[in-house]
Amino acid sequence: MPGHQQQYPQQGPGSPQYPPGGMPAAPQQKRLDPDSMPNPIQVMTENQRSCGGVFATNQAGLVPPLVTTKYVTQDQGNTGPRFMRSTMYNVPVNTDMMKQSAVPFALIISPFARLADKELAPPIVNFGELGPIRCIRCKAYMCPFMQFIDGGRRFQCLLCKATTDVPAEYFQHLDHTGQRMDKYERPELVLGTYEFVATKDYCRNNVLPKSPAMVFVIDVSYNNVKSGLVHLLCAEMKNIIRNLPIDEGQTRSTMKVGFITYNSSVHFYNLKSNLAQPQMMVVGDVQEMFMPLLDGFLVDPEESSALIDSLMEQIPRMFGDTRETETILLPALQAGLEALKASESVGKLYVFHSSLPTAEAPGKLKMRDDRKLLGTDKEKTVLTPQSTVYNMLGQDCVGAGVSVDLFVFNNSYIDLATIGQVARLTGGEIYKYTYFQADIDGQRVVNDVIKNISRPIAFDTVMRVRTSTGIRPTDFYGHFFMSNTTDMEVASIDCDKSVAVEIKHDDKLTDENVFIQVALLYTSCSGQRRLRILNLSMKTCNQLADLFRTCDLDTMILFFAKQGLFKLMENNPKVIKDSLISRAAQILACYRKNCASPTSAGQLILPECMKLLPLYVSCLLKNDSFSGGSDLTLDDRSYVIYFVMSMDLQTSVQFFYPRLIPIHDVNVEDSNMPASIRCTAEKMMEDGAYILENGIHMFMWLGLGLSPEFTQSVFGAQCTQQIDTDRTGLPVFDNPLSKRVRAVVESIQAEKNRCMRLTLVKQRDKLENVLRHFLVEDRGMSDGSASYVDFLCHMHKEIRTLLS
């Protein structure tokens, strides 16, 4: 197809063959110019130009703008791409074609994604006692894919083809085109995304829920007191609670809060508003955790505000002289779970924990810190849990609608692989602040907690994906628990989380469209039980060229990441990486063989929408989650694995291909983000300053030839050598350049779901190797992983082998 493929000059037929076992030692630099290779910055810029603006969802199989493009969704019958994306928008009609293409058919679903400005929140439809209207056979919910027949008395479901009687209360006559007269007054008949108010049958024990609660569970042992964390949390608690989420249409949050502290025992606090003083109750027997307090544990933060203030003054005093270094963890989590169960509330535990739980108690863990195993066949022995008790507790939490976020402040090994299971199974997340010091990291922690607690969130959820006949969801990846083969149970899901679902063929597809409906049953932050419905229709195709024209590469890469990390827990890492490379080679070989116009074998030909596939696969292979070796700690490795398993698409793009932003030549008049450049040392000049960030790490690299004007205005130093790189953050000066550079850093932080510590790195400094590790187009310094140029050559060789 014209304009649809790209050719890259490659080594001619007479070029040297690679030695067996991989990449050449010296790249053939003279034969391949890095600037002629597919370039992500250019791809993103072109997509912004051609697809920015309004994206109307009025047709099946429309390919959405890239994740990085700024666009506004206009919902006209299909859910917007922020909520759900597919790896393909033209689905092959049969399994043979799917197999041949090697392209995965998968969805990335973020049911609570944030909306952009000017996008409308999904409307809420209330059918009262009648409840949501559903297909009698497959139980799909009323949506634009239903066809009314028989004068409006019945409807046919396009997912399973069954017909269902329309309840009398929902009946409406059809017009001359066969459409209901009230179609445009009913969101569920015209929109891709909307919500239904649920009836009692959709609730636990058929009882409408109470408002969810947030419980703070704080480790008050020696480490957390000494580092200043306990003091910080207590001083900022008022400010944190002020940010509890407010449901749509309400003026204040109706959520309740509760507090638990623990060291080798567990302490509950009664904050009932009519008490004169907070009351503390200690459970010393941690073998059998129970809830000593029924009334007054969960309180309205406004009504009990004086008692909360008083408690926050008392906690640092009570534990200020503690010498307790051996802590528990599992009993404290059980305490939070029991407290919410006793109050018949669902909600979230915010756990602030500092060390490996070694005290004699349930959940006690052994030291097994052997980072030499990372990157070897034996790494799964330290990346999987050492005992199942935290997994069992995670399942109990899901059963009660309780999710757990872990904030970890460790100075040594804490075994995230084991304790993190509670967060993984409940849809929670993990934050890690190793060597935390309140004066340096305090603001970052407070910002993270506030961002976390204030964001759009759903509690006690069950998510099911329904599809039209011929295909079905088979595999699920992310942070949730499944007690059967169809339902993802997520104790809470927020705007920054996504799950990946792989879809397979059962049969040949006979219709021209494929339909997908995701239903998420949840409790809102004000305690209303609702269903959020996401509908997506795609085209079927019997030509491979149509498939290759409508793929979404970013979605595919995040799917490969989540699937690969899931498999890493059972397989040897080399097998996982090799299968990624061969899958990518199969995809490109299939395109080359079936869709490209004939050219010499020396040409590498890539489909337009997948021209970055080799680069992005190479970024995945280099990513710490896949290939962190013994230069990482075990906890660091587990942390990035959890991060990727729960992350959304927006976060993933910059995590796998970090942003490199020049700031030495910013225009002080401008307020936009300066344009990124390719993530390679070749683009970094000695007289430049650059920010490199991937959502977890943020560096500012300072060349030794930086102008004195820049170093003086931004750092108050005469030259780069004199800048103090031990400080974190930037000094505040009252001049345009200082303000502009700080504004760039702040706007990067503002768009992230967690706050990054800014590390200053001078050229040729010892920290430079850490930064270079994230320059993904370059050859790996420590592990010798291939540069982009080398990897592209390697892929080309693999493709040629497949074709011959």
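Residues numbered from 1 in each chain as written. Predicted model: local features only at pLDDT ≥ 70, side-chain atom pairs only at ≥ 80, totals over all residues. Heavy atoms only, no water.

**Topic: the side chain of Ser713**
Relative to the elements of secondary structure, Ser713 occurs in helix 20 (residues 708–715). Of note is the side chain of Ser713, whose polar atom sits 2.7 Å from the backbone oxygen of Glu709. Sequence-distant contacts of Ser713, that is, excluding residues within four places in its chain, are made with Phe733, Asn735, Leu737 and Ser738. (Helix = DSSP H or I, 4+ residues; strand = E, 2+ residues; numbered from the N terminus. Polar contact = N/O pair within 3.5 Å; in protein donor to acceptor, adjacent residues only side chain to side chain. Contact = heavy atoms within 4.5 Å.)

**Structural notes on helix 18 (residues 634–646)**
Here helix 18 spans 19 Å end to end across 13 residues, near enough to the 18 Å set by a 1.5 Å rise per residue. Burial analysis of helix 18 places 12 of its 13 residues in the buried class, which makes it a mostly covered element. By the burial criterion, the buried members of helix 18 are Leu634, Asp635, Arg637, Ser638, Tyr639, Val640, Ile641, Tyr642, Phe643, Val644, Met645 and Ser646. (Expected span 1.5 Å × (residues − 1). Buried < 20%, exposed > 50% of the residue type's maximum accessible area, 1.4 Å probe, protein only.)

**Some details on the state of the cysteines**
In a disulfide, the sulfur atoms of two cysteines are covalently bonded to one another. Following the criterion strictly, the structure yields zero disulfides and no others. Just so you know, Cys609 is unpaired, no disulfide at all, and the nearest cysteine sulfur is the one on Cys551, 4.7 Å from it. Classification of Cys609 as partly exposed rests on a relative accessible area of 22%. The structure places no disulfide on Cys679, whose sulfur is separated from the nearest cysteine sulfur, that of Cys619, by 7.6 Å. Look at Cys679 and you get buried, because its relative accessible area is 0%. (Disulfide = S-S within 2.5 Å.)

**Details of the confidence of the model for the chain**
Scored by pLDDT, the chain has a mean of 94; 96% of the residues are at 70 or more. Throughout residues 9–30 the model reports pLDDT below 50, and contacts reaching past four residues in sequence, or to other chains, amount to 31 contacts. (pLDDT = per-residue confidence, 0-100.)

**Some remarks on the packing of aromatic side chains**
In total, this model carries 27 aromatic pairs according to the counting rule given. Their ring planes at 15° and their centres at 5.6 Å tell us that Phe216 and Phe259 sit as a pair that is stacked. Remark: Phe259 occurs in strand 13 (residues 256–262) and Phe216 occurs in strand 12 (residues 213–219); sequence separation between them is 43 residues. Relative accessible area serves as the criterion here: at 0%, Phe216 is assigned to the buried category. One aromatic cluster is present, built from ring pairs that chain together Phe216, Phe259, Tyr350, Phe352, Phe407, Phe409, Tyr431, Tyr433 and Phe436. Positioned above the aromatic ring of Tyr71, the side-chain terminus of Arg82 is 4.1 Å from the ring centre. Over the aromatic face of Phe148 sits the side chain of Arg180, whose NZ or CZ is 4.9 Å from the ring centroid. (Phe/Tyr/Trp six-rings, centres within 6.5 Å; stacked < 30°, edge-to-face > 60°. Lys NZ or Arg CZ within 6 Å of the ring centre and 35° of its normal.)

**Concerning the environment of Ser110**
Position of Ser110 relative to the elements: it lies in the loop between strand 6 (106–109) and strand 7 (124–125). A residue is classified by how much of its surface remains accessible, and Ser110, at 6% relative accessible area, is buried. Sequence-wise, Ser110 and Asp439 are 329 residues apart; in three dimensions their C-alpha atoms are separated by 35 Å. Not counting the four nearest positions on each side in its chain, Ser110 is found in contact with Arg82, Phe83, Lys497, Ser498 and Asp648.

**So, the pattern of salt bridges**
Tallying each qualifying case throughout the model produces 45 salt bridges. The shortest N-O distance in the salt bridge between Asp247 and Arg530 comes to 2.9 Å. One end of the pair, Asp247, is in the loop between helix 5 (229–241) and strand 13; the other, Arg530, is in strand 24 (residues 529–541), with 283 residues separating them in the sequence. Across the pair Lys341 and Glu338 runs a salt bridge whose closest N-O atoms are separated by 3.9 Å. Residue Lys341 and its partner Glu338 are located together in helix 7 (residues 330–342), separated by three residues, close to a single helical turn. Judged by relative accessible area, Lys341 falls into the partly exposed class, the value being 43%. Through salt bridges with shared partners, one network takes in Glu429, Arg455, Asp494, Asp496, Lys497 and Arg754. (Salt bridge = Lys/Arg side-chain N within 4 Å of Asp/Glu carboxyl O.)

**Quick notes on empty space enclosed by the protein**
Using the criterion set out here, one finds six cavities of 30 Å³ or more in the structure. There is about 90 Å³ of room inside the largest cavity. Residue lining of the largest cavity: 14 residues in total, with Phe55, Leu62, Thr79, Tyr89 and Leu536 positioned closest to the centre. Its residues placed into classes, the lining of the largest cavity shows seven nonpolar, seven polar and no charged. In this model, the second largest cavity occupies a volume close to 60 Å³. What lines the second largest cavity is Asp554, Ile557, Leu558, Tyr616, Ser652, Val653, Phe656 and Tyr657. For the lining of the second largest cavity, the secondary-structure elements that each account for two or more residues are helix 14 (553–568) and helix 19 (649–656). When grouped by side-chain class, the residues that make up the lining of the second largest cavity number six nonpolar, one polar and one charged. (1 Å grid on protein atoms, 1.4 Å probe; cavity = no way out; pocket = protein on both sides within 12 Å on 5 of 7 lines; lining within 4 Å. Points joined across faces, edges and corners; volume = space filled by probe spheres on them. Nonpolar A, V, L, I, M, F, W, Y, C, P; charged D, E, K, R; others polar.)

**Observations concerning a nonpolar patch on the surface**
A cluster of nonpolar side chains, namely Met280, Val282 and Met318, defines an oily patch on the protein surface of about 250 Å² accessible area. For Met318, the location among the structural elements is in helix 6 (residues 305–319). (Patch = residues over 30% accessible without salt bridge, like charges linked within 9 Å, V, L, I, M, F, W, Y side chains within 5 Å. Areas by Shrake-Rupley, 256 points an atom, 1.4 Å probe, with all protein chains shown as cover.)

**Focus on the sheet that holds strand 16 (residues 347–353)**
Spatial ordering of the open sheet is given by 15-14-13-12-16-17-18, a layout of seven strands whose pairing is mixed. Looking at which strands have only one partner, the edges of the open sheet turn out to be strand 15 (279–283) and strand 18 (430–432). Between one strand axis and the next, the sheet turns through 20° on average, direction left out of account. The strands touched by helix 5 within the sheet are strand 12, strand 13 and strand 16, with strand 12 carrying the most contacts at an inclination of about 165°. (Pairing = 2+ DSSP bridges. Axes fitted to C-alpha atoms, helices over the stretch in contact; angles between N-to-C directions.)

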